[in-house]
Structures are given as C-alpha cells and as structure tokens.
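Residue-level listing of the chains:
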Amino acid sequence: MTYHFSKTVELPFDAAVAATIAALKHHGFGVLTQIDVKDTLNKKLGADFRPYLILGACNPKLAHEALTLEDKIGTMLPCNVVIQQHDGGKVEISAVDPVASMAAIENPKLGTVAGQVRELLKQVVADIA
C-alpha cells in the first residue's frame with residue numbers, strides 16, 4: 001500500500017498552489033497551515049532547496065467525526081498535501097493517503113472516515129489541471 005497519491009501538472013508553481021487550494025476548498029477542506037520548506041531550510045540552514053510547500057488540510061466535518069471516534073487521532077491531523085517543483089519545472093501535487101497512515105489504529109469506524117477522506121483527497125488531486 002502506498003502512503004500517498006500524486007499527480008504532475010503543467011502549471012507554474014504558484015498557479016499549482018492556487019489550484020490546489022481551490023480544489024481543497026471545493027471538496028470541503030480548509031487549509032490550516034502552510035509550510036514553505038524552501039524558505040524554512042534557507043533561513044534555518046542556509047540550504048538551497050526547490051519550491052516545496054506543505055499544506056495542512058482539514059475537512060471540519062470529517063475531522064470532528066474522527067476525533068469523536070479516536071481521541072488521539074489529532075496526532076495525525078491535518079492531512080498533508082505537498083506541492084513541489086522538480087527539475088525542468090514540472091510541478092507535482094501529492095496528498096497523504098489517510099487509510100494508509102491510520103492502518104495501525106484498530107478502529108473500524110475510524111477506517112470508514114479515513115476512507116471518505118481518501119476519496120475526497122483523490123478527487124482534489126484529480127481536479128488539479
């Protein structure tokens with residue numbers, strides 16, 4: 001089982017970020033956090049790194065349901081979505097597979113919620129053009 005699903009798009013990095021945020025919103029997710037890895041590594045280490053942004057996405061309804069089923073599930077929230085630019089300018093969008101990340105938790109009801117989130121995140125990635 002893979003832990004993510006990804007797609008490469010023919011968009012400039014900033015346009016891919018905007019398209020990803022719009023697709024997340026369209027499917028009921030908000031963006032709680034944005035981590036600019038390139039900027040952080042430059043500031044902390046003086047390291048040069050490619051454009052790489054981690055979005056912490058959350059679907060409030062499903063997060064609430066998961067939290068009521070498993071009180072420590074917050075250790076795995078929010079769902080991360082990564083936008084990164086590779087050599088040659090290609091931009092890749094990747095989303096965590098919540099079913100894979102929650103496989104160690106023995107709670108079938110939580111698995112059902114994770115499956116719903118998985119399908120929504122797959123739709124998010126598929127929608128980005």
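(A) Expanded view of the nonpolar core. Ranked by size, the top nonpolar core spans 29 residues in total, and within it Leu-24, Phe-29, Val-81, Ile-83, Ile-93, Val-117 and Leu-121 carry the most contacts. Residue assignment for this core shows that the elements contributing at least two residues are strand 1 (4-9), helix 1 (13-26), strand 3 (52-58), helix 3 (60-69), strand 4 (79-85), strand 5 (91-96) and helix 5 (108-127). The element contributing the most residues to this core is helix 5, with 7 residues. In this structure, Val-117 is in contact with Phe-29, Leu-62, Cys-79 and Pro-98, ignoring residues within four places of it in sequence.

(B) Structural context of the pattern of salt bridges. Counted under the stated rule, the structure contains 4 salt bridges. With a shortest N-O distance of 3.1 Å, Lys-43 and Asp-39 are connected by a salt bridge. Here Lys-43 pairs with Asp-39, and both are found in helix 2 (residues 37-45), just 4 residues apart, close to one helical turn. For Asp-39, a relative accessible area of 32% puts it in the partly exposed group. Its salt-bridge partner being Arg-118, residue Asp-97 comes within 2.9 Å of it at the nearest N-O pair.

(C) Inspection of helix 3 at higher detail. Listed in full, the buried residues belonging to helix 3 are Leu-62, Ala-63 and Ala-66. Here the buried residues of helix 3 occupy an arc of 100° about the axis, which is enough to place them on one side. Among the exposed residues of helix 3, those oriented more than 90 degrees off its buried face are Pro-60, Lys-61, His-64 and Thr-68. In this structure, the buried residues of helix 3 make contact with strand 3 and helix 5.

(D) Main features of the environment of Val-9. Within the secondary structure, Val-9 is located in strand 1. Each C-alpha atom of the pair Val-9 and Gly-111 lies 30 Å from the other, and the pair is 102 residues apart in sequence. Ignoring anything within four residues of it in the chain, the contact list for Val-9 reads Ala-16, Val-91, Ile-93, Ile-128 and Ala-129.

(E) Focus on the pairing of strand 5. Burial runs high along strand 5: 5 of the 6 residues are buried. With 6 bridges joining them, strand 1 and strand 5 adopt antiparallel strand pairing. Counterpart to Val-9 in the pairing with strand 5 is Val-91. Bridging between strand 4 and strand 5 involves 5 bridges; their strand directions are antiparallel. Counted as the bridge partner of Ile-83 is Ile-93 from strand 5. What sits between strand 4 and strand 5 in their antiparallel hairpin is a turn of 5 residues, with Gly-88 showing a positive phi close to 85°.

Quick notes on the rules
- Residues numbered from 1 in each chain as written.
- Predicted model: local features only at pLDDT ≥ 70, side-chain atom pairs only at ≥ 80, totals over all residues.
- Heavy atoms only, no water.
- Core = buried A, V, L, I, M, F, W, Y, C linked by side-chain atoms within 4.5 Å.
- Buried < 20%, exposed > 50% of the residue type's maximum accessible area, 1.4 Å probe, protein only.
- Helix = DSSP H or I, 4+ residues; strand = E, 2+ residues; numbered from the N terminus.
- Contact = heavy atoms within 4.5 Å.
- Salt bridge = Lys/Arg side-chain N within 4 Å of Asp/Glu carboxyl O.
- Arc of directions from axis to C-beta.
- Pairing = 2+ DSSP bridges.

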